Amino acid sequence: MSKPSYIKDARTLTLSGGLAVLNAAIAEAERIGQPMCISVVDTGGNLLAFGRMDGSKALSEISTRNKAITAALSDEPTGGAHADVELQVTLAQESKWTNLIGGLPIRVDGFVLGAVAAGSGTGTQDLAVARAGAGAISGAEMFLDFVPMGAEDTGIIRGSHPEKVRG
């Protein structure tokens with residue numbers, strides 16, 4: 001019989017890694033012509049890097065930080081919870097959890113290293129910019145099978161249309 005292990009392996013982004021993710025995300029936002037707020041956090045949801053591009057929405061600073069924290073701590077892209085439960089989960093997590101599309105965990109070889117999130121565009125644009133940022137880390141999963149299911153995707157939020165989110 002083996003002894004219980006009291007230690008587990010863990011990995012996290014460094015500041016240099018966070019800046020590489022931020023710069024790759026900024027480059028994608030510039031390429032698509034959509035100014036963004038971009039947040040990069042470590043495994044504990046602590047902010048490593050942040051950028052607010054000229055012309056981005058000021059309130060996206062808050063939502064991108066929450067998207068990144070949610071993605072890092074849940075190990076799931078944001079926007080995947082069904083619209084029927086997103087408000088309840090948000091309230092249960094004292095508004096520190098969000099289901100807005102655009103937060104992506106940075107996972108390599110099964111280890112969550114942190115997360116990146118973008119905001120100020122459509123859900124599709126936010127997710128594309130977050131993916132570009134995550135792509136700065138070699139071997140990062142891109143979550144290509146991710147399907148948004150929240151109010152933002154279903155059209156419950158007035159003015160939001162699924163085709164805008166799905167691209």
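For the structure itself, consult the block above.
Every value quoted in this text rests on a predicted model; they were computed, and no experiment measured them.

Rules used in this analysis
- Residues numbered from 1 in each chain as written.
- Predicted model: local features only at pLDDT ≥ 70, side-chain atom pairs only at ≥ 80, totals over all residues.
- Heavy atoms only, no water.
- Core = buried A, V, L, I, M, F, W, Y, C linked by side-chain atoms within 4.5 Å.
- Buried < 20%, exposed > 50% of the residue type's maximum accessible area, 1.4 Å probe, protein only.
- Helix = DSSP H or I, 4+ residues; strand = E, 2+ residues; numbered from the N terminus.
- Contact = heavy atoms within 4.5 Å.
- Phe/Tyr/Trp six-rings, centres within 6.5 Å; stacked < 30°, edge-to-face > 60°.
- Lys NZ or Arg CZ within 6 Å of the ring centre and 35° of its normal.
- Axes fitted to C-alpha atoms, helices over the stretch in contact; angles between N-to-C directions.
- Parallel < 35°, antiparallel > 145°, perpendicular 65-115°, else oblique.
- Left-handed = near helix turned anticlockwise from the far one by under 90°.
- Nonpolar A, V, L, I, M, F, W, Y, C, P; charged D, E, K, R; others polar.

Some points on the nonpolar core
When a protein is soluble and globular, its nonpolar side chains tend to lie buried together. Counting 26 residues, the largest nonpolar core has I38, I106, V116 and I137 as its most contacted members. Secondary structure elements with two or more residues in this core: α1 (15–32), β1 (37–42), β3 (103–108), β4 (111–119) and α4 (123–134). Take this core: its biggest share by element is five residues, from α1. In this structure, V116 is in contact with V21, I38, S39, V40, A68, G102, G103, L104, I106, A130 and A134, ignoring residues within four places of it in sequence. Counting seven residues, the second largest nonpolar core, distinct from the first, contains A68, A71, A72 and A115.

Details of the packing of aromatic side chains
The full count for this structure, using the stated rule, is zero aromatic pairs. Stacked on the ring of F111, the Lys or Arg R11 has its end atom at 4.0 Å from the ring centre.

Quick word on the packing of α1 against α4
Packing of α1 against α4 leaves a shortest axis separation of 7 Å and a crossing angle of 140 degrees. The angle between α1 and α4 places the two elements in the oblique class. With respect to the hand of their crossing, α1 and α4 are arranged in right-handed fashion. Contacts between α1 and α4 involve V21, A24, A25, E28, A29 and I32 from the former and Q125, A128, V129, A132, G133 and A134 from the latter. Tallied by class, residues from the contact of α1 with α4 come to nine nonpolar, two polar and one charged.

By themselves, these observations are geometric and do not establish any function.
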